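Observations on the model geometry
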Amino acid sequence: MRPITATVHLAALQHNLRRVRDYAPYARAMAVVKANGYGHGLLNVARGLKEADGFAVLRLQEALELRAAGYQQTLLLLEGVFEPTELNAAAEAGVSIVVHADHQIVMLEQARLPVPIAVFVKMNTGMNRLGFMPQFYAAAVARLAACPQVASITMMTHFATADEAPGIATALERFEAGSQGLDYPKSLANSAAILRHPQSHADWVRPGIMLYGATPVQSVPAANYGLQAVMHLQSELIAVQTLPAGETLGYGATFVAERETRVGVVACGYADGYPRHAPSGTPIAVAGQLSKTLGRVSMDMLFVDITDIPAAGIGSPVELWGATVPVDAVAEACGTVGYELLCAVTSRVNFKVVHG
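Now for a quick tour of the structure.

Parameters at a glance
Position numbers for residues start from 1 in each chain and track the written sequence from start to end. Per-residue local features of the predicted model are confined to residues with pLDDT of at least 70, and side-chain atom pairs are confined, for both listing and counting, to 80 or more; whole-chain, interface and lining totals are unaffected and use all residues. Processing note: side-chain calculations cover all non-hydrogen atoms of the structure and skip hydrogens and water entirely. Numbering of helices and strands starts at the N terminus; helices are DSSP runs of H or I of at least 4 residues and strands are runs of E of at least 2. Here's how the labels work: a residue is buried when its accessible area is under 20% of the maximum for its type, exposed when over 50%, partly exposed in between, all with a 1.4 Å probe on protein chains only. By definition in these notes, contact holds between two residues if any of their heavy atoms fall within 4.5 Å. Accessibility throughout is a Shrake-Rupley quantity obtained with a 1.4 Å probe, and a residue counts as covered only by protein chains that appear here. Pairing between strands is defined by DSSP: at least two bridges between them are needed. All axes here are fitted lines through C-alpha atoms, helices being fitted over the stretch that makes contact, and every angle between N-to-C directions spans 0 to 180 degrees. If you view a crossover with the strands going away from you and the path from the first strand over the helix to the second runs clockwise, you call it right-handed.

Attention shifts here to the overall build of the protein. Secondary structure summary: the protein contains eleven helices and 18 strands in total. Taking the principal axes of the C-alpha coordinates as reference, the protein spans close to 75 × 40 × 35 Å. Scored against the burial criterion, the 356 residues of the protein give a buried share of 53%. Within the protein, counting contacts between residues at least 6 apart in sequence, those at least 24 apart form 64% of the total. Roughly 15300 Å² of accessible area belongs to the protein as shown, and the carbon and sulfur atoms make up 51% of that amount.

Okay, the sheet that holds strand S3 (residues 54-57) next. Spatial ordering of the closed barrel is given by S2-S3-S4-S5-S6-S7-S8-S9, a layout of eight strands whose pairing is parallel. Pairing geometry for strand S5 (residues 96-99) and strand S6 (residues 117-123), over three bridges, is parallel. Within S6, the residue paired with Ile97 across the bridge is Val119. Of the strands in this sheet, S5, S6 and strand S7 (150-157) touch helix H6 (residues 102-110), which is tilted by about 135° from S5.

Turning our attention to the pairing of strand S14 (residues 283-286). Consecutive side chains along a regular strand alternate between the two faces of the sheet. Judged from the four bridges that link them, S14 and strand S15 (residues 289-294) form a sheet pairing that is antiparallel. From the neighbouring strand, Ile284 faces S15, where its bridge partner is Ser291. The turn linking S14 back onto S15 is made up of two residues, and Ala287 within it adopts a positive phi angle of 50°. Two elements, S14 and strand S17 (residues 317-321), share two bridges in a ladder whose sense is antiparallel. Residue Val286 lies in a different strand from S17, and its bridge partner there is Val318.

This part is about the pairing of S5. Side chains Ser96 and Val98 project from S5 onto one buried face, and the interleaved Ile97 and Val99 project onto a second face that is buried too. As judged from the two bridges shared by strand S4 (residues 74-77) and S5, these two strands associate in the parallel manner. Each bridged residue has a counterpart across the sheet, and for Leu76 the counterpart in S5 is Ser96. The handedness of the S4 to S5 crossover, carried by helix H5 (residues 84-93), is right-handed. Crossover S5 to S6 through H6 is right-handed.

In structure tokens, the structure reads:
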């Protein structure tokens, strides 16, 4: 087998969920496991997060897969349903839905469901993606409260800048104004708000990226919040080259050796999900020692400087990200975020699940 492997550590998931509860001890935790568990495998992460109070997904298929696997927690469709037939399937499986637009209310009003369905009504407080504007929110809630197909109502929003300097003050003011006089449970806080804005914890928190051991706050390492890396993406050296000074490396000859340079060739490329735009100098580890990538990432391989790791050779282990190299450090070097890297790992990478 090709040596590249993504190892998912269930103990790290359990640890990170405990950190959520440390930060928000009075709220229920809705673990966000969309995008195939942020690239870790939906059922893999569900096993590690089995103590969560609920799971949030994007597609009905994901919710039904969790139900079929025996998970009885609250399941939430974050974009709601897209057509009336999905309402029946969601109701039969006891799946809750987000309602963010008038047409979804109409679907509920016209539906004849086997059992009423729980809804989370979303307010747009500045993200400007989904949700009712604050001035129309109470009317939307009133329609849903009067709908016999609705079993319960939870109010929710999603913060646009919980991880940045503006914070959540303006969004929270808009939410409080738009929901004034409404007495329903609330779900407001994403990972960044859980960590930085305790006033937003309310009844349900929705941790996402923090569960996977990556930071939701740029320039603040996940370790600062006591989080542990869940995915360790590892491979091996499959060849070694020695470049004399002045020799180039890889496609485009973008790297030129300034000295004699010993180069390891790693079985990992952009077809595995490693970013093609990762520049020379992106952190990487060989045999437990930090080093840097060299040259351009190709489809199946990339290069690492092993000049100062004399013991490294063919078969030496390489960590692309994990315990030694945080995924956020790789993301920062690439001008992106850890979310994207984790979600981008492709199906040709071998996955392994361990409890430790």
